[in-house]
Amino acid sequence: GLLVAGWGEPLAAAKVRFTFDGWQGPPVRVYVTRPVALASDRPVVFVMHGTLRNAADYRDQWHDLAMAHDFLLVVPEFSKADFPGAAGYNLGHQYDGEGRARPQATWSYSVIEPLFEDIRKRFSLTTPHYSLYGHSAGAQFVHRYLFYVPQARVSRIVPANAGWYMMPDY
């Protein structure tokens, strides 16, 4: 819905949901909190859900923080159907069911950068970087993200409560 301030123009709704298909993998549902009158240079914070794939809940849990601290909150949802199990989401969707390597452009890690570019255009932002927080399976996603997307425009990464971490394999 729209919020109306006095007799002025309607302001954009604070909670937004859309489907992002501007990458080579499957469409991803995205849940957003956009504070009213968000300035173009305000921070963008991606929050990566856990194994339950409940992005809407994460958006709702972070909603008040985004409103209070004036940042754009972005929570992409990696469905169990399109990104099955830990291999499909937190481990990057790098291999198919037979263990064959997938093209890098279809890895779950590969959606964040084009989604960030879409978000910048969609919400008229000039912010050059984003922050990335992940909980549980999302924590596994974000800490691997650094290694698999070294050119990412991410300025901060916070992995919280990961069940396991990536370690070197000598």
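Structural data are supplied above this passage.
Just so we're clear, the structure is a prediction, and the values are computed from it rather than from any experiment.

The next point concerns the overall build of the protein chain. Along its length, the protein chain carries 4 helices and 8 strands. For the protein chain, the sequential pattern of α-helices and β-strands runs β-β-β-β-β-α-β-α-α-β-α-β. For a compact globule of 170 residues, the expected C-alpha radius of gyration is about 15 Å, and the protein chain comes in at 16 Å, within 12% of that figure. Each principal axis of the C-alpha atoms in the protein chain carries an extent, and together these give about 65 × 30 × 25 Å. Expressed as a percentage of the 170 residues in the protein chain, the buried residues total 45%. Of all intrachain contacts in the protein chain linking residues separated by at least 6 positions in sequence, the fraction that spans at least 24 positions is 64%. By element, 54% of the accessible surface of the protein chain is carried by carbon and sulfur atoms, the whole surface being about 8900 Å². Positive and negative side-chain charges of the protein chain, numbering 16 and 15 respectively, have mean locations separated by a distance of 0 Å.

Attention now moves to unusual backbone geometry. Notably, Ala 37 is not glycine yet its phi reads approximately 60°, a positive angle. Mapped onto the secondary structure, Ala 37 falls in the loop between β4 (28–33) and β5 (44–48). Look at His 93: it is not a glycine, yet its phi comes out positive at around 60°. Inspection of the secondary structure assignment puts His 93 in the loop between α2 (85–88) and α3 (112–122).

In this section: the environment of Lys 80. Among the structural elements, Lys 80 can be located in the loop between β6 (72–77) and α2. Taking the C-alpha atoms as reference points, Lys 80 and Arg 53, separated by 27 residues in sequence, lie 7.1 Å from one another. What Lys 80 contacts, discounting residues up to four positions off in sequence, is Thr 51, Leu 52 and Arg 53.

Glancing now at the environment of Arg 42. The topology assignment puts Arg 42 in the loop between β4 and β5. We classify Arg 42 as partly exposed; its relative accessible area is 26%. Each C-alpha atom of the pair Arg 42 and Ser 108 lies 26 Å from the other, and the pair is 66 residues apart in sequence. Apart from the residues within four sequence positions on either side, Arg 42 is in contact with His 69, Asp 70 and Thr 127. At a separation of 3.1 Å, a polar atom in the side chain of Arg 42 contacts the main-chain carbonyl oxygen of His 69. From its side chain, Arg 42 meets the backbone oxygen of Asp 70 in a polar contact 2.8 Å long.

Each value, and the rule that gives it
Residues numbered from 1 in each chain as written. Predicted model: local features only at pLDDT ≥ 70, side-chain atom pairs only at ≥ 80, totals over all residues. Heavy atoms only, no water. Helix = DSSP H or I, 4+ residues; strand = E, 2+ residues; numbered from the N terminus. Rg over C-alpha atoms; globule rule 2.2 N^0.38 Å. Buried < 20%, exposed > 50% of the residue type's maximum accessible area, 1.4 Å probe, protein only. Contact = heavy atoms within 4.5 Å. Areas by Shrake-Rupley, 256 points an atom, 1.4 Å probe, with all protein chains shown as cover. Lys, Arg positive; Asp, Glu negative; His and termini not counted. Charge placed at Lys NZ, Arg CZ, Asp CG, Glu CD. Polar contact = N/O pair within 3.5 Å; in protein donor to acceptor, adjacent residues only side chain to side chain.

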